[in-house]
Amino acid sequence: MSSNKKFATRFGVIAATVGSAVGLGNIWRFPYECGANGGGAFLLAYIMFVIVLGIPVICAEFVIGRATGMNVAGAFRKLKAAKFWHLISWLGILASFFIMGFYSVVAGWCVDYIWQSATGFGQAASQTDLHAQFDSLTGDAWRPLGWTFGFLLVNFFVISRGVEKGIERMSNLLMPMLFVIMAAFCLNSLLMPGASQGLEFLLKPDFSKLTPDVLLSAMGQAFFSLSVGMGVLITYASYFKDGTRLVKTASLTAGLDTLVAVMAGIVIFPACFSFGQEPAAGPKLVFEVLPSIFMSMPGGRIWGVLFFVLLFVASLTSTVSVTEVVIAWLEGEWKISRKKATVLYGIGVAVTAALCSLSFGVLSGWTVFGRNFFNLLDFLSSNILLPVGGMLLSVFVGWVLDRSVLRRELTPEGHRVPAYVPLIIFSLKFIAPVAIMAIFVVGIL
Ligand code: PHE
């Protein structure tokens, strides 16, 4: 895709960026991180990071992407940045590999659950049966691998069709559907017997739970969920037209993304308490709680199928953006055709994903710091690579990038420099780098 390709409409820009942000990160990862890290306190820290770090760093990526119209590596080259800053693009490419590896496995589980919902979860009659069903899926060698590869095929098919035909059309159609269905599920959960306990867990912060670990996880979750820190938004912004308002698009993306995460919390936690399940169950949380919801609802099979189809779609609009970073780079920097780039990167991702999938079964003995391969890639990308990328991006845009470029890109066409521009610059120069560094120091050491 050369730099003259653009998203065709304003709605398409929003649908594609929100499509990238909203995904398994909101519906699968947010509830389990929130559940394992103290509920309300995590949510509060999360929202704070979205506002103070997330929105400014999204703007930083948008500015780089639109000002240059290039892929991650090309952008730094065009800005004549010193060699050091090219590190950001290498980190982004590594993060893309890692994220695709574990993410497509979870997307594969969703496909299996579409089928399981349709059959009413087979013989499952109790919570124990549902636990057993999840373990038997993830512990199996071929079944999850088959779904994961199927998911990857669809992903790379969409990618091979290019920005306007593939990414934009798919997002325009599917993202609005997702909001409507999520809203219906929220209503259903709010009517459950455990609703008040679940809501209290999600919304009432217990400040004693705000440990350095929880802060690190909340920051990682914010970066992951907003798709920020690895060049996805640089790449997408290179397809924005001059008239696209960057700060407005950034705020809208952050707002809608947070809304979907909170909605997912409202769906999951009341059900958790109603069915006597543990909010801290980890990555399997939604796969064990949701089926209980569906089994207790009239027409549950249909709702279940709808929900997992929706998760599948939300995953696809996200993985397409993660993939686009590497494809645009292979095309732009290495002059490889889009089709060839798709095949090359696809093979690399398939191998990584296979290792992640098998790390719940035959490879479960391979652990690093107590984490299997899947959990390791999840932790490294969200909690390390994306925040480090975000820190470097904010320093680059705040301190190195020509200030006039920054002001011009952040100011809507034909307007005077709005009052929020200095605020964003201040965050990029001081708040974001210092906060990210501080959380690393306390959270990791
Ligand atoms: N934000 C996506 C989600 O929440 C995942 C993602 C991470 C996409 C990083 C792009 C880059 O599912």
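A brief report on the enclosed structure follows. (Residues numbered from 1 in each chain as written. Predicted model: local features only at pLDDT ≥ 70, side-chain atom pairs only at ≥ 80, totals over all residues. Heavy atoms only, no water.)

### Details of the overall build of the chain
Scanning the chain from N- to C-terminus turns up 18 helices and zero strands. Along the longest, intermediate and shortest principal axes, the C-alpha atoms of the chain span 65 × 50 × 40 Å. By residue count, 61% of the 445 residues in the chain fall in the buried class. Excluding contacts between residues fewer than 6 apart, the proportion of contacts in the chain whose partners are at least 24 apart in sequence is 83%. Accessible surface computed for the chain: about 17,000 Å², of which carbon and sulfur atoms make up 69%. Charged side chains in the chain number 30 positive and 22 negative. The centres of these two groups are separated by 12 Å. (Helix = DSSP H or I, 4+ residues; strand = E, 2+ residues; numbered from the N terminus. Buried < 20%, exposed > 50% of the residue type's maximum accessible area, 1.4 Å probe, protein only. Contact = heavy atoms within 4.5 Å. Areas by Shrake-Rupley, 256 points an atom, 1.4 Å probe, with all protein chains shown as cover. Lys, Arg positive; Asp, Glu negative; His and termini not counted. Charge placed at Lys NZ, Arg CZ, Asp CG, Glu CD.)

### Structural notes on the environment of Arg-10
Inspection of the secondary structure assignment puts Arg-10 in helix α1 (residues 10-21). Along the chain, Arg-10 and Thr-244 lie 234 residues apart, while their C-alpha atoms are 7.1 Å from each other.

### Looking at helix α15 (residues 338-358)
An α-helical turn contains 3.6 residues, so any two residues separated by three or four positions project in the same direction. With 21 residues, α15 should cover 30 Å at 1.5 Å per step; its first-to-last C-alpha distance of 30 Å lies within 8% of that length. Where α15 is concerned, the buried positions are Arg-338, Ala-341, Thr-342, Tyr-345, Gly-346, Val-349, Thr-352, Ala-353, Ala-354, Cys-356, Ser-357 and Leu-358. (Expected span 1.5 Å × (residues − 1).)

### Quick notes on the packing of aromatic side chains
If you walk through the whole model with that rule in mind, you get 40 aromatic pairs. Between Phe-62 and Phe-240, the aromatic rings sit 5.1 Å apart at their centres with planes inclined by 65°, giving edge-to-face as the arrangement. On the criterion of sequence distance, the pair formed by Phe-62 in helix α3 (residues 40-68) and Phe-240 in the loop between α11 (232-237) and α12 (246-274) is long-range, its members being 178 residues apart. Accessibility classification places Phe-62 together with Phe-240 in one group, the buried group. The lysine or arginine in question, Arg-371, covers the ring of Phe-379, its NZ or CZ lying 3.9 Å from the ring centre. Directly above the aromatic system of Trp-399 lies the positively charged group of Lys-429, at a separation of 4.3 Å from the ring centroid. (Phe/Tyr/Trp six-rings, centres within 6.5 Å; stacked < 30°, edge-to-face > 60°. Lys NZ or Arg CZ within 6 Å of the ring centre and 35° of its normal.)

### Description of unusual backbone geometry
Its identity is not glycine, yet Lys-335 carries a phi of approximately 55°, on the positive side. Among the structural elements, Lys-335 can be located in the loop between α14 (300-334) and α15. In the Ramachandran plot, Phe-369 falls in the positive-phi region, its phi being about 50° despite a non-glycine side chain. Classification of Phe-369 by relative accessible area gives exposed; the value is 78%.

### Re a positive patch on the surface
Together, Lys-5, Arg-161, Lys-165, Arg-169 and Lys-339 line one region of the surface with positive charge. Examined against the element boundaries, Lys-165 turns out to sit in helix α8 (residues 163-190). (Patch = residues over 30% accessible without salt bridge, like charges linked within 9 Å, V, L, I, M, F, W, Y side chains within 5 Å. Salt bridge = Lys/Arg side-chain N within 4 Å of Asp/Glu carboxyl O.)

### Section: the site of the ligand
Around the ligand sit 16 residues, and of these Ala-21, Gly-25, Tyr-103, Phe-224 and Ser-227 come closest. A distance of 2.8 Å separates a nitrogen atom of the ligand from a polar backbone atom of Phe-224. Between the ligand and Ser-227, the relevant distance is 3.0 Å, taken from a nitrogen atom to a side-chain nitrogen or oxygen of the residue. For the ligand, the protein covers 100% of the area, taking 320 Å² as the surface of the free molecule. When the residues that make up the shell around the ligand are grouped by side-chain class, the tally is eight nonpolar, eight polar and no charged. (Near = heavy atom within 4 Å. Polar contact = N/O pair within 3.5 Å; in protein donor to acceptor, adjacent residues only side chain to side chain. Nonpolar A, V, L, I, M, F, W, Y, C, P; charged D, E, K, R; others polar.)

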